[in-house]
Amino acid sequence: MITLHGFAASNYYNLVKHVLLHKELPFNEHLIYNNDEQFLAINPMGKVPAITTADGLNIAESSVICDYLEETYPSNTLYPEDSAERAFVRQIMKISELYFELPSRRLIPYVFTGSPAPEHVKDDIRRLLTRGVNALCELTHFSPWIAGEQFSMADIYVYYVNTVVNAFTPKELNWDVLAEIPGMKEWQAKMSQSTIAQQIEADRQANMPEFMQKVTAQIHAAQSK
């Protein structure tokens, strides 16, 4: 059986969990944090999530895990059959990661420490997010799904990318980034109503107190050095 390592407060953990649930694959959840020595033995990069396959292979990086799951367990497929259409889905996923999630993630340390981000940092984040907005305005269809008629890996990927964007950019940048892309907010609301998304959100909420306790302890430890 597959084991999913990480914690439910992580959007990338939840992304992989959504894929597992969509494909109706049996799996165990191993609650562990990325600075834990046991987790570093599984993934030396210390990035959540990671999985251990039924054969005992450890795999990290969300997009790599998602592709492994799709190729190994093709039921309830999440990629189109056509190679060009698969590339289109992956393009949306990669752009959302590089130009939506990663820039927004730079705000997290400032939010958790209660210190304002420097203006030059905010300006750089806005610049990258603008590139992401422009690209996704051209690529997304929402007819009814993000890449067209078929529900795909891009729907799951972008949905969990957007949780980070929506959590930090409106307050820290005074910018509702998702509203810049026609159809995005309506699609996001529809995604949130699925049984799987609601189950994952309940698990995330349950994990948040422990996660915040861990983060607070790390911040205090770093400040005391």
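Notes on the structure follow. Remember, it's a predicted structure, so these values are computed and weren't measured experimentally. (Residues numbered from 1 in each chain as written. Predicted model: local features only at pLDDT ≥ 70, side-chain atom pairs only at ≥ 80, totals over all residues. Heavy atoms only, no water.)

Examining unusual backbone geometry
Item 1. The peptide bond linking V48 to P49 adopts the cis configuration, its omega dihedral lying at 5 degrees.
Item 2. Relative to the elements of secondary structure, P49 occurs in the loop between α2 (37-42) and β3 (50-52).
Item 3. The linkage connecting S143 with the following residue, P144, adopts the cis geometry, with an omega of 0 degrees.
Item 4. Within the secondary structure, P144 sits in the loop between α6 (119-139) and α7 (153-172).
Item 5. We note that E61 has phi near 75 degrees; this positive angle belongs to a residue other than glycine.
Item 6. As for its placement among the helices and strands, E61 is situated in the loop between β4 (58-60) and α3 (62-72).
Item 7. Since its relative accessible area comes to 35%, E61 is described here as partly exposed.
Item 8. A positive phi angle, close to 50 degrees, is found at F142, a residue other than glycine. (Helix = DSSP H or I, 4+ residues; strand = E, 2+ residues; numbered from the N terminus. Buried < 20%, exposed > 50% of the residue type's maximum accessible area, 1.4 Å probe, protein only.)

Remarks on the packing of aromatic side chains
Item 1. Across all of its chains, the model carries 7 aromatic pairs by this definition.
Item 2. Centroid distance F7 to Y33: 4.9 Å. Interplanar angle 25 degrees. Geometry classified as stacked. A residue pair is termed long-range when its members are at least 10 positions apart, and F7 in the loop between β1 (2-6) and α1 (11-22) and Y33 in the loop between β2 (27-31) and α2 qualify at 26 residues.
Item 3. We classify F7 as buried; its relative accessible area is 8%.
Item 4. Relative accessible area serves as the criterion here: at 8%, Y33 is assigned to the buried category.
Item 5. Taking the ring centre of Y79 as reference, the NZ or CZ of R90 above it sits at 4.4 Å.
Item 6. It is K190 that lies over the ring of W145; its NZ or CZ is 4.2 Å from the centre. (Phe/Tyr/Trp six-rings, centres within 6.5 Å; stacked < 30°, edge-to-face > 60°. Lys NZ or Arg CZ within 6 Å of the ring centre and 35° of its normal.)

Here's the deal with the pattern of salt bridges
Note on pairing: side chains with opposite charge can pair once their charged atoms come close.
Item 1. Taken as a whole, this structure holds 13 salt bridges when the rule is applied.
Item 2. Ionic pairing is found between E61 and K47, a salt bridge with its closest N-O pair at 3.1 Å. Taken together, the residues span a long stretch of sequence, with E61 in the loop between β4 and α3 and K47 in the loop between α2 and β3 at a distance of 14 residues.
Item 3. Between E119 and K122 there is a salt bridge, and its shortest N-O distance comes to 3.8 Å. Taken as a pair, E119 and K122 lie in helix α6 at a separation of 3 residues, close to a single helical turn.
Item 4. Several salt bridges share partner residues, and in doing so they unite K17, E29 and D203 into one network. (Salt bridge = Lys/Arg side-chain N within 4 Å of Asp/Glu carboxyl O.)

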